[in-house]
Amino acid sequence: AERYDGDLLTMAARRRTALATAVVALASAAGLPTAGARPPVNTTVGLDVAETFARLPGAHLLADTGASGDCVTGPVPQPVAFRSDRVLLRTADADDRRIQALVASEATLVGDGWTVAPTVSVRVGLTGADTTTPVVPVVAVDLGTPAVRAAQVLGLVRALRRDGVEASPDYALSPTGGPLGMWPFGPPAPTDAPLPAPRRLRTGAGVTIALYDTGVPQAPYGVFAPANVAAGPDVDKPDLDKDGVVDAPFVGHTLAVASVVATLAPSAEVLAFRIVDDGGVPTDLSASIEVASSVDGYFGRGSGPDIVLLPFGSPACDGLPPLGLQMVTEALVARGESLLVASAGNRSTDRPFYPAAFDGVLAVGSLDLTADRDGSAWTSPTRAGPRSAFSNYGGWVDAWAGGEQLVVSHVDGLSFFAGGPVLHGRAEVSGTSFAAPAVAALLAEGMALTGRPAEWVWRRLLRPTGTPCPASGGGVAVALTSMRSLSFVSGRSARPSPC
């Protein structure tokens, strides 16, 4: 146990060093001041740090920078990261030996002397509309020899696909405020502004929202928390070496996301599930395992959550999306018990971001509502505003809500880089991660008012009262007109929508 704790402390120190290096490198590359390793707060740094975080100890990640495949997205190069020691297959084949032999034989085609001794380690599955309709499961194949280059993993995936097997890398998922996408405007910023007063107490009463994210920080680092469904696996330990600096850049993400719901639908019940893997980074496999196990285990068949909130994701390499999340979203959509709401991503591109871009998932982009007439980050007289510069967009985005410069609950007593300001329970944040819970809260309001399921509220109430956003490629803005009023009143503007 002592050796294990020591390893964790060493890993935390290395991660903190890598994080500080990444922040300084990003600021320097963007022409920003770096004196004292102190990046400016709320200054756009238009670079991705997947390559830096791929080197974190224990994460087993590689970053593809575009040389080996169609992975890079956005106006500025933003690598996509995935596990070096694993591939995912989507197959109903139950013969492990045959699967292992296939992976080993195709790996020889990749070259450079790479050999593997694959092992089928995990099968993840869910039933669909009924117990007799299984969705094709996902099989995780651990590679005996981890790849040293992203091209090896992608080459193996392509070879398997040429053999007729659906395969993908095990993508690292970026909670759209970190770890791989980082923050649109720098780390969560300390603020003297108060938290907004919550809306009417009964707003969202009786609605259950399952939030799959990076976990609830252990006490005393969080002053606000959604319900913990399991104190052990769903709790994040943000500062193992107790130096006052977070050990991972996504610490507090769950608190901030849940805080948006608590402001807009304070009586909705938010249950937090932690999706990170044993290396401390969420991946397609770790997320799909957590969703599948909690839906069937914690909730049970026929009693799923009203809303499944997914504030994370990844683009796809070579057009192949994350197979694990594809499987669980297909199963949950087929069941019809829950409406899936996901953030559209912060890469300022129209390329699909998953799971938001999957069929049946409500994809949410971010608006800058501070630019609208009332100047509020939370409300909009016209239900619209310009698209946030960082937000993904396109015809696959269904809804738009405020996701910029929101004051939310956050970690208490920690800073995000050495020498940085200490957060005291709240912060200013931006990202599509925070637009998605705003839409989830409005859905909860409609469900509580009508007694109807979330899908009905979206189709019959929320979407019809939104403002069309053709300039952003589609979808409607569903921002609140006032924190004190019902959200289901006409907010259409006679002038063209700027979103």
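For the structure itself, look to the data block above.
### A short note on the packing of aromatic side chains
One pair of aromatic rings is described through two measures. These are the centre distance and the angle between the planes. All told, the structure shown has 6 aromatic pairs when counted by the stated rule. Both rings, one in phenylalanine 273 and one in tyrosine 298, keep their centres 5.9 Å apart while their planes meet at 80 degrees; by these two values the pair is edge-to-face. Here tyrosine 298 lies in helix H6 (residues 284-299) and phenylalanine 273 lies in strand S11 (residues 269-274), a separation of 25 residues in the sequence. Among the residues examined, tyrosine 298 registers a relative accessible area of 45% and is labelled partly exposed. Aromatic side chains tyrosine 298 and phenylalanine 299 sit 5.0 Å apart centroid to centroid with 85 degrees between the ring planes, which places their arrangement in the edge-to-face category. Here the guanidinium or amino end of arginine 452 rests over the ring plane of tryptophan 456, the centre of that ring lying 4.7 Å away.

### Some thoughts on the environment of proline 355
Position of proline 355 among the secondary structure elements: in the loop between strand S14 (339-343) and strand S15 (361-367). Residue classification places proline 355 among the buried residues on the basis of a relative accessible area of 0%. The spatial distance from the C-alpha of proline 355 to the C-alpha of serine 343 is 8.3 Å, given a sequence separation of 12 residues.

### Observations regarding the packing of helix H3 (residues 96-107) against helix H4 (residues 150-162)
Running from amino to carboxyl end, H3 crosses H4 at an angle of 120 degrees, the nearest separation of the two axes being 9 Å. The angle between H3 and H4 falls in the class oblique. As H3 runs across H4, the sense of the crossing is right-handed. Contacts from Leu102, Val103, Glu106 and Ala107 of H3 reach H4 at Leu156, Ala159 and Leu160. Here the contact of H3 with H4 is composed, by residue class, of 6 nonpolar, no polar and 1 charged.

### Overview of the nonpolar core
Across soluble globular proteins, you tend to see nonpolar side chains buried next to one another. Counting 78 residues, the largest nonpolar core has Leu89, Trp114, Val141, Leu156, Tyr212, Phe312 and Trp396 as its most contacted members. Leaving out residues up to four positions away in the same chain, tryptophan 114 has contacts with Ala107, Leu143, Thr145, Pro146, Ala147, Gln152 and Leu156. Among the nonpolar cores identified, the runner-up in size contains 61 residues, and Trp183, Leu255, Ala438 and Ala440 belong to it.

### Points about the side chain of arginine 86
Among the structural elements, arginine 86 can be located in strand S2 (residues 80-90). Within the local environment of arginine 86, its side chain forms a polar contact with the side chain of aspartate 142, the two groups lying 3.3 Å apart. In terms of polar contacts, arginine 86 uses its side chain to reach the side chain of aspartate 170, at 2.8 Å. With residues up to four places along the chain from it excluded, the contact list for arginine 86 reads Ala140, Val141, Asp142, Leu143, Asp170, Thr283 and Leu285.

### Some points on the state of the cysteines
Applying the stated criterion to the full structure yields 1 disulfide. Between the sulfur atoms of cysteine 469 and its disulfide mate cysteine 499 the distance is 1.9 Å. Taking the sign of the S-S torsion, -85 degrees for the link of cysteine 469 and cysteine 499, the bridge is left-handed. Residue cysteine 469 is found in the loop between strand S19 (467-468) and strand S20 (476-477), and its partner cysteine 499 is found in the segment after S20; the two are separated by 30 residues along the sequence. You'll find cysteine 469 and cysteine 499 in the same group, each marked buried.

### With respect to helix H9 (residues 454-462)
Restricting attention to buried positions, one finds in H9 the residues Ala454, Val457, Trp458 and Leu462. Buried residues of H9, viewed axially, fall in a sector of 100 degrees; they line one side. Contacts from the buried residues of H9 go to strand S12 (307-310), S14, S15, strand S16 (399-402), helix H8 (432-450) and S20.

### A closer look at the sheet that holds S11
Strand order in the open sheet formed by 9 strands is S9-S11-S7-S12-S14-S15-S16-S20-S19, and the pairing between neighbours is mixed. In this open sheet, the two strands that pair with only one neighbour each are strand S9 (227-228) and S19. For S16 and S20, the ladder comprises 2 bridges, and the chain directions are parallel. Note that in S20 the partner of tryptophan 400 across the bridge is alanine 477.

### Remarks on the pairing of strand S1 (residues 61-64)
A two-sided burial pattern is seen for S1, the buried positions comprising Leu61 and Ala63 on one face and Leu62 and Asp64 on the other. Where S1 and S2 come together, 4 bridges link them in antiparallel fashion. By the bridge assignment for S2, leucine 62 is matched with phenylalanine 82.

### Structural notes on H6
Across its 16 residues, H6 extends 21 Å between first and last C-alpha, which sits within 8% of the 22 Å expected from 1.5 Å per residue. The largest bend in H6 is about 25 degrees, located at serine 293. Among all positions in H6, only Asp284, Leu285, Ser286, Ala287, Ser288, Glu290, Val291, Ala292, Ser294, Val295 and Phe299 are buried. One or two positions beyond H6, positive phi appears at glycine 300, with a value near 90 degrees.

What counts and what doesn't
- Residues numbered from 1 in each chain as written.
- Predicted model: local features only at pLDDT ≥ 70, side-chain atom pairs only at ≥ 80, totals over all residues.
- Heavy atoms only, no water.
- Phe/Tyr/Trp six-rings, centres within 6.5 Å; stacked < 30°, edge-to-face > 60°.
- Helix = DSSP H or I, 4+ residues; strand = E, 2+ residues; numbered from the N terminus.
- Buried < 20%, exposed > 50% of the residue type's maximum accessible area, 1.4 Å probe, protein only.
- Lys NZ or Arg CZ within 6 Å of the ring centre and 35° of its normal.
- Axes fitted to C-alpha atoms, helices over the stretch in contact; angles between N-to-C directions.
- Parallel < 35°, antiparallel > 145°, perpendicular 65-115°, else oblique.
- Left-handed = near helix turned anticlockwise from the far one by under 90°.
- Contact = heavy atoms within 4.5 Å.
- Nonpolar A, V, L, I, M, F, W, Y, C, P; charged D, E, K, R; others polar.
- Core = buried A, V, L, I, M, F, W, Y, C linked by side-chain atoms within 4.5 Å.
- Polar contact = N/O pair within 3.5 Å; in protein donor to acceptor, adjacent residues only side chain to side chain.
- Disulfide = S-S within 2.5 Å.
- Arc of directions from axis to C-beta.
- Pairing = 2+ DSSP bridges.
- Expected span 1.5 Å × (residues − 1).
- Bend = angle between axes of the 7 residues up to and from the residue.

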